[in-house]
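Working through the structure, step by step
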Amino acid sequence: GGWLGPKTKVRKAFGAYARACFKHFGDRVKHWITLNEPWCMAILGYNTGEHAPGHTDAPELEPYQAGHNMLLAHAEAVAIYRTDFAAQG
């Protein structure tokens, strides 16, 4: 699960989360970011284990898989914002 989940599931879940944020907070938020410090999440969470979720089992694979899914999630959130919410801001 998490960032290592199947890429379609991760992308859709993050898209739903982003859509909810845009809908509920869009009247108060002027500038959006999708992910804060993705390198830290990918490397420190899925390589060295210093951050959650603390994985160290597959440093040759997991940080790249997590990073790839983060990029797909970011792209999904941007597409949703541009298509459905940008005109409102």
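Definitions and cut-offs
Residues numbered from 1 in each chain as written. Predicted model: local features only at pLDDT ≥ 70, side-chain atom pairs only at ≥ 80, totals over all residues. Heavy atoms only, no water. Helix = DSSP H or I, 4+ residues; strand = E, 2+ residues; numbered from the N terminus. Buried < 20%, exposed > 50% of the residue type's maximum accessible area, 1.4 Å probe, protein only. Areas by Shrake-Rupley, 256 points an atom, 1.4 Å probe, with all protein chains shown as cover. Lys, Arg positive; Asp, Glu negative; His and termini not counted. Charge placed at Lys NZ, Arg CZ, Asp CG, Glu CD. Phe/Tyr/Trp six-rings, centres within 6.5 Å; stacked < 30°, edge-to-face > 60°. Axes fitted to C-alpha atoms, helices over the stretch in contact; angles between N-to-C directions. Parallel < 35°, antiparallel > 145°, perpendicular 65-115°, else oblique. Left-handed = near helix turned anticlockwise from the far one by under 90°. Contact = heavy atoms within 4.5 Å. Nonpolar A, V, L, I, M, F, W, Y, C, P; charged D, E, K, R; others polar.

For the rest of this paragraph, the subject is the overall build of the protein chain. Across its full length, the protein chain holds three helices and zero strands. Reading the helices (α) and strands (β) of the protein chain from amino to carboxyl end gives α-α-α. In terms of its C-alpha atoms, the protein chain occupies a principal-axis envelope of roughly 45 × 25 × 15 Å. Expressed as a percentage of its 89 residues, the buried residues of the protein chain come to 29%. Looking at the protein chain as shown, the accessible area adds up to about 6100 Å², and 57% of this sits on carbon and sulfur atoms. Both charge centroids of the protein chain, one from 9 positive and one from 8 negative side chains, sit 14 Å from each other.

So, about the packing of aromatic side chains. All told, the structure shown has five aromatic pairs when counted by the stated rule. Residues Phe 22 and Trp 32 carry aromatic rings whose centres are separated by 4.9 Å and whose planes lie at 90° to one another, so their mutual orientation is edge-to-face. Of this pair, Phe 22 sits in helix α1 (residues 7-25) while Trp 32 sits in the loop between α1 and α2 (38-46), and the two are ten residues apart along the sequence. Under the relative-accessibility criterion, Phe 22 is labelled buried at 8%. Ring-pair connections join several aromatic residues into one group, and the members of that group are Phe 22, Trp 32, Tyr 81 and Phe 85.

This part is about the packing of α1 against helix α3 (residues 62-85). Here α1 crosses α3 at 40°, and the two axes come no closer than 8 Å. Between α1 and α3, the angle is such that the two are oblique. Crossing hand, α1 versus α3: right-handed. Contacts from Lys 7, Val 10, Arg 11, Phe 14, Gly 15, Ala 18, Arg 19, Phe 22 and Lys 23 in α1 reach His 68, Asn 69, Leu 72, Ala 73, Glu 76, Ala 77, Ile 80, Tyr 81, Asp 84 and Phe 85 in α3. The residue inventory of the contact of α1 with α3, partitioned by class, reads ten nonpolar, three polar and six charged.

Function-wise, these values are silent; they only describe arrangement.
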